[in-house]
Amino acid sequence: MNKKFVAIACLAAVVAISPSCKKDFLNESDPNAITVDASYKSPNDVLLAVNGIYQSLRSGNNVGEGSDLWTDQRSDDTGTQDNQSNAGEPFQFGNFSILPSNTYLKSHWSSLYTTISRANVVLSHIDQVTFPDNSLKLRYAAEAKFLRAFIYFDLVRTWGDVPLVTEQLTSAGQVATKTYREKQAVVYQQIVADLTDAINSPLPNLQAPTGRTSKAAANFLLGQVYLTMATTQDQASRATNLANAKTYLMAAYNMHTFGNLNTVPYTDVFNVGKKTTCPELIFQIVNIQGDQTYSSSIAANFQAKGETINSRVVSSGAGYNVTHDLINEYETGDPRKDFSVKFANDPTIQDWFVTKFRDNSDGAGAFGWGGNDWILMRFADVILSLAEVNNYLGDQATATSFLDQVRTRAGMPTYAVSMTNSDYATKYPTLKLAILHERRVELAFEHHRWFDLLRTFNDAELVAYFKAKKQSDFGLASLANFTTKDRYFPIPFDEYKLDPVKMYQNPGY
């Protein structure tokens with residue numbers, strides 16, 4: 001019997017069986033099996049399914065705390081100095097030598113489409129359930145659409161054209177018809193439609209309970225989407241997209257419950273004890289301190305040998321490697337540097353490691369089962385996004401006022417004062433570069449840097465930006481490898497080979 005496993009079947013978990021197989025037993029159904037249709041009977045069934053969409057985000061193969069390989073390590077912030085372990089596959093990301101056959105890349109692709117598949121299943125079955133309160137039904141649908149849009153935004157920025165699926169696929173034939181790359185413009189249309197529905201739904205303005213999406217999150221994400229479209233897509237629509245970006249970013253910003261940003265200490269954002277009360281947080285993946293399965297391991301994993309600042313776990317490695325290029329980016333006296341990174345003095349390490357995520361508490365204990373939530377959205381990001389969009393719109397005064405909110409909270413001089421400093425003015429001669437700098441040091445290690453670079457520079461500018469850096473600040477990773485091809489990842493080989501025409505490879509791979 002010939003079986004063809006369809007790689008993109010992570011969208012539907014379907015195996016296509018050759019028509020030549022005519023045995024009756026192949027058509028028999030398991031009397032104990034529960035079909036997807038039968039599992040959707042009550043509002044609680046829908047809630048559990050929506051919870052399953054959120055759960056899929058936790059994986060490091062998805063967008064969880066361990067997803068740095070395809071974000072920060074792809075940028076100029078972090079990397080690995082081990083080019084031998086795991087067949088050198090992790091090193092390929094920061095070395096700009098990634099191959100379509102990279103198994104980590106395939107795992108990332110599959111995990112993202114698993115989230116989309118779960119969202120599609122919910123949206124395909126929610127109408128068959130009777131809800132005593134229709135607003136609850138609309139809220140669950142909005143959560144599924146938000147999460148689907150969130151993941152498609154990640155996919156389209158990472159790969160460009162990608163398969164677009166918005167319904168549950170139940171057969172090999174359906175999978176085959178969806179095995180093609182849709183143009184970015186169409187994917188963005190779907191993202192905008194999903195987020196518009198979420199914004200117009202009964203979602204609360206802010207997350208309640210912690211870890212679920214909200215109108216603030218949906219508005220912020222839609223604002224980011226329009227800002228990305230304005231800077232990376234068809235420039236004929238740039239002005240409209242920038243105006244829309246400002247509208248939705250302001251809608252998110254106006255939902256904050258604090259006064260000025262400086263009323264929320266920077267360290268509170270990452271304080272495990274304040275994660276349910278910190279008003280800056282918009283959307284995060286929740287972890288449970290002391291729980292072996294649902295705890296965070298980021299504090300322990302990021303700690304270097306001989307150090308105890310992050311966790312009570314005794315480390316034997318280098319922790320999470322930081323490029324010297326990022327270390328050099330911090331201005332003198334910026335307290336965010338002292339909080340975010342530390343130099344490990346162990347004679348076998350002698351390098352910088354990340355300290356931004358800490359849980360050295362009794363609750364986390366010697367196993368390092370930390371309570372750090374993985375922050376996906378916070379208001380400082382909204383504020384800096386507003387600085388960015390207003391600058392593009394030509395309103396430098398407003399852009400500067402938003403930039404200064406973040407700098408003031410950090411205890412740094414305002415932009416106007418900083419521009420009188422020759423070192424600052426030389427490094428960041430334009431407001432655009434000053435905003436990019438501020439995003440880098442404020443949001444370091446939160447997996448935003450790569451996407452910030454893609455918005456700021458076109459292909460040629462991005463290559464020039466990387467090539468202007470010092471190779472000595474990047475260790476083993478070779479900056480010479482960086483070319484215009486590196487704006488996107490290659491389509492995983494298992495996906496490409498399904499249909500080399502419709503699943504065409506990205507240029508340069």
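Sequence order as written defines residue numbering, which begins from 1 separately in each chain. In keeping with the model being predicted, local features are shown solely for residues with a pLDDT of at least 70 and side-chain atom pairs are shown and tallied solely at 80 or more, while totals for entire chains, interfaces and linings include all residues. Note that the side-chain values use all heavy atoms of the structure and ignore hydrogens as well as water.

**Student:** Help me understand the pattern of salt bridges, please; the structure alone is not making it clear to me.
**Tutor:** Oppositely charged side chains may form a pair once their charged atoms are brought near each other. Note on definitions: salt bridges are taken to be side-chain nitrogens of Lys or Arg within 4 Å of carboxyl oxygens of Asp or Glu. Counted under the stated rule, the structure contains 39 salt bridges. With a shortest N-O distance of 4.0 Å, Lys-427 and Asp-423 are connected by a salt bridge. In this pair, Lys-427 and Asp-423 are both assigned in helix 16 (residues 422-427), 4 residues apart and thus about one turn of the helix distant. When accessible area is computed with a 1.4 Å probe and restricted to protein chains, residues below 20% of their type maximum are described as buried, those above 50% as exposed, and intermediate ones as partly exposed. Overall, the relative accessible area of 47% leaves Asp-423 in the partly exposed class. One continuous salt-bridge network, built from bridges that share partners, spans Glu-280, Glu-331, Asp-334, Arg-336, Lys-356, Arg-378, Arg-407, Arg-409, Glu-438, Glu-442 and Glu-446. A run of H or I in DSSP becomes a helix once it reaches four residues, and a run of E becomes a strand once it reaches two; helices and strands are each numbered from the N terminus.

**Student:** Mind showing me how you'd approach the packing of aromatic side chains here?
**Tutor:** Any two aromatic rings considered together are summarised by their centre-to-centre distance and by the angle between their planes. In summary, the pairing rule links any two rings of Phe, Tyr or Trp, Trp by its six-membered ring, whose centres are within 6.5 Å, and it sorts them by plane angle into stacked for under 30 degrees, edge-to-face for over 60 and tilted for everything else. Summed over all chains, the structure comprises 34 aromatic pairs. Measuring from centroid to centroid gives 6.2 Å for Tyr-465 and Phe-466, while their planes differ by 80°, and the two rings are edge-to-face. Clustering of aromatic rings is evident, with ring pairs tying together Trp-70, Phe-93, Trp-109, Tyr-113, Tyr-152, Trp-159 and Phe-489. Lying over the aromatic face of Phe-451, Arg-157 brings its terminal NZ or CZ to 3.7 Å of the ring centre. Note on criteria: charge over ring means Lys NZ or Arg CZ within 6 Å of the ring centre, with the direction from the centre no more than 35 degrees off the ring normal. Across from the ring centre of Tyr-392, 5.0 Å away, lies the NZ or CZ of Arg-238, which sits over that ring.

**Student:** Honestly, the packing of helix 7 (residues 184-199) against helix 8 (residues 215-232) in this entry has me stumped. Any pointers?
**Tutor:** Fitted lines through C-alpha atoms serve as axes, helices being fitted only where they are in contact, and the angles separating the N-to-C directions of these axes extend from 0 to 180 degrees. The contact between helix 7 and helix 8 brings their axes to 9 Å, and the two run at 155°. On the basis of their axis angle, the class for helix 7 and helix 8 is roughly antiparallel. In this structure, helix 7 crosses over helix 8, and the sense of that crossing is left-handed. Note on element contacts: helix 8 touches helix 7 through Lys-215, Ala-218, Asn-219, Leu-221, Leu-222, Val-225, Tyr-226, Thr-228, Met-229 and Thr-232, opposite Tyr-188, Ile-191, Val-192, Leu-195, Thr-196, Ala-198 and Ile-199. A per-class count over the contact of helix 7 with helix 8 returns 12 nonpolar, 4 polar and 1 charged. Orientation labels follow simple angle bins: below 35 degrees gives roughly parallel, above 145 gives roughly antiparallel, 65 to 115 gives roughly perpendicular, and whatever is left gives oblique. Definitions for this section: a left-handed crossing has its near helix turned counterclockwise from the far helix by less than a right angle. A right-handed crossing has that turn clockwise. Residue contacts are defined here by distance: any two heavy atoms, one from each residue, within 4.5 Å place the two residues in contact. Think of it as three bins: nonpolar holds Ala, Val, Leu, Ile, Met, Phe, Trp, Tyr, Cys and Pro, charged holds Asp, Glu, Lys and Arg, and polar takes everything else, Gly as well.

**Student:** Sorry, what's going on with the pairing of strand 5 (residues 351-354) here?
**Tutor:** For a regular strand, side chains alternate in direction, first toward one face of the sheet and then toward the other. Side chains Asp-351 and Phe-353 of strand 5 all project onto a buried face; the interleaved residues Trp-352 and Val-354 project onto the opposite face, where all are buried too. The pairing criterion is simple: DSSP has to find at least two bridges between the two strands. With 4 bridges connecting them, strand 4 (residues 341-344) and strand 5 associate as antiparallel partners. Bridge assignment links Phe-343 to a residue of strand 5, and that residue is Trp-352. Remark: 6 residues form the turn of the hairpin made by strand 4 and strand 5, two consecutive strands paired antiparallel; Gln-350 in that turn has positive phi of roughly 50°.

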